[in-house]
Amino acid sequence: MDKLNELTIEEASRLLHAGDISSLELTEACLRQIEKTDTEIGSFLELTAELAREQARAADTRLNGSDGVHPLTGIPIGLKDLFLTEGVRTTCASKILENFSPAFDSTVVARLREAGAVIVGKLNMDEFAMGSSCENSGLGQTSNPWNLARVTGGSSGGSASSVAARQVLGAYGTDTGGSIRLPASYCGVVGMKPTYGRVSRYGVIAFASSLDQVGPFATTTRGAAMLLRTVAGKDPLDSTSIDTPVPDYVEAVGGNLEGVTIGVPGEYFVEGIEPDVDAAVRTAIGQLEQLGAKVVEIELPHTEYAVATYYVVATAEASSNLGRYDGVRYGVRRGEEDGLLEMYGKTRDGGFGPEVKRRIMLGTYALSAGYYDAYYLKAMKVRTLIRGDFERAFEKCDALAMPTSPATAFEIGARMGDPLQMYLSDILTISVNLAGLPGLSLPCGFDGNDLPIGLQLVTAPLAEPTLFKVAAAFEDATDYSKRMPEIAR
Ligand code: GLN
């Protein structure tokens, strides 16, 4: 194979371990692909080519030795630019962190380094992960590899586009309200958000702490499973990380779906859903049935309140989390000669983009005296109802199947003037975050414009093995995941 960057993670891992390819060759193939395609796509905010080559050489030494290899040793990956990476600029796509070089690694990065993975660079995103299109980045523009005039989805847009364009074999992102699943769907790759607490968030720049979760992107379900396994598990540095053993997700995969019940929530086939999306997802559910699954209808009656609830909870938490960017503790300082308050004001006004400011204002308002009960407390109560819907659903089924988004990737610029329209992009992904559940999006077809369509699967907390099993069964029976955008060739 001459284009090593087109390998899946599981194929590359096998070839590396067999000594048939070297990590340096594989890494060079990725770097060439980036050079060839990234001026047009714009996945990367920072390319760490020298670090990657150094890590690849070290991986090759390790692979040629007798001990200490890991399935990800030598595999080139990319990171959404909110994972602290020692000595590598980490910006969260914000001007306020433009020159920020962290003094330590996030646990995700530390575990990747331990595994011997190769870090190729830092990927574009919506500023502070606030957005659904990657257009809110303060530092760069990213295009969908399937059609450069379309958005990648967000907020982990660069993670999805880099994997779709075969610039890296896998990537990590975060999902607070859909930020992994939505761009995975728009870019035609597998994107997975684990159970809340499954992956440590130590050293991951926070947006909304009761919702944020780290997860993988890959071209295949097995690749995503390998990426998740490497970083999941208890971390003493993150008290919200779950202390249960991490299963071998790849082992859980394979076989038919006999004995698996799939629930289909009618509420997720919303009014206004694009006919191509509706048809592709219904066909996919039919295929799951042919693979042996039993399909039942499920009700999630509080779905209609999810977007409103999320935009109270997430903005409230964001307004608190973003307090640290004051030009003293964090953030490029501006206007210090005018005294403390003016310095704060100038720093934040000059450093944050318009969407981040909007979120801080909304969140501060929702938490303020006199409004707390009406907004935040109410939202917390509705959140409990939404979680209850899922608990009842999982008494009747093992996994839910539905669209990831009611539409395929929209045109760049189309929703920038209308924040509400933008927020509604997440209508089908947000409930999963409010309930803390694992969810996965994988390609299940293409629309009339040749844009990918995503099938979303969701399970009960910590039932990731079932999630990967259902996804892999679908993937093995179809070939949507094998299609590559023209630009990647
Ligand atoms: N689009 C949603 C938002 O803007 C979700 C973002 C995310 O998951 N980080 O808040």
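The structure under discussion appears in the preceding block.
Residues numbered from 1 in each chain as written. Predicted model: local features only at pLDDT ≥ 70, side-chain atom pairs only at ≥ 80, totals over all residues. Heavy atoms only, no water.

Asker: Could you give an account of the pairing of strand β8 (residues 294-298), with specific residues and numbers?
Answerer: Judged from the five bridges that link them, strand β7 (residues 261-265) and β8 form a sheet pairing that is parallel. If you follow T261 over to β8, its bridge partner there is K294. One crossover worth recording links β7 to the parallel β8 by way of helix α8 (residues 275-290), and it is right-handed. (Pairing = 2+ DSSP bridges. Helix = DSSP H or I, 4+ residues; strand = E, 2+ residues; numbered from the N terminus. Right-handed = clockwise from strand over helix to strand, strands pointing away.)

Asker: Please provide a residue-by-residue account of the sheet that holds strand β10 (residues 439-446), values included.
Answerer: Pairing within the open sheet is mixed, and its eleven strands lie in the order β1-β3-β2-β4-β6-β5-β10-β11-β9-β7-β8. Looking at which strands have only one partner, the edges of the open sheet turn out to be β1 (44-47) and β8. If you compare each strand with its neighbour and ignore which way they point, the axes differ by 30° on average. With two bridges joining them, β7 and strand β9 (residues 399-403) adopt parallel strand pairing. Within β9, the residue paired with G263 across the bridge is L400. Docked against the sheet, helix α5 (residues 157-164) engages β1, β2 (76-80), β3 (118-123), β4 (170-174) and β6 (214-218), running at close to 165° with respect to β4. In the packing of helix α12 (residues 373-396) onto the sheet, contacts are made with β7, β8, β9 and β11 (452-459), and the angle to β9 comes to roughly 115°. (Axes fitted to C-alpha atoms, helices over the stretch in contact; angles between N-to-C directions. Contact = heavy atoms within 4.5 Å.)

Asker: Hey, could you go over unusual backbone geometry for me, with residue numbers and the actual values?
Answerer: Residues G154 and S155 are joined by a peptide bond in cis, for which omega reads 10°. Inspection of the secondary structure assignment puts S155 in the loop between β3 and α5. A positive phi is found at F128, a non-glycine position, where the angle reads about 55°. Mapping F128 onto the fold places it in the loop between β3 and α5. In this structure F128 comes out as buried when scored by relative accessible area, which is 1%. (Buried < 20%, exposed > 50% of the residue type's maximum accessible area, 1.4 Å probe, protein only.)

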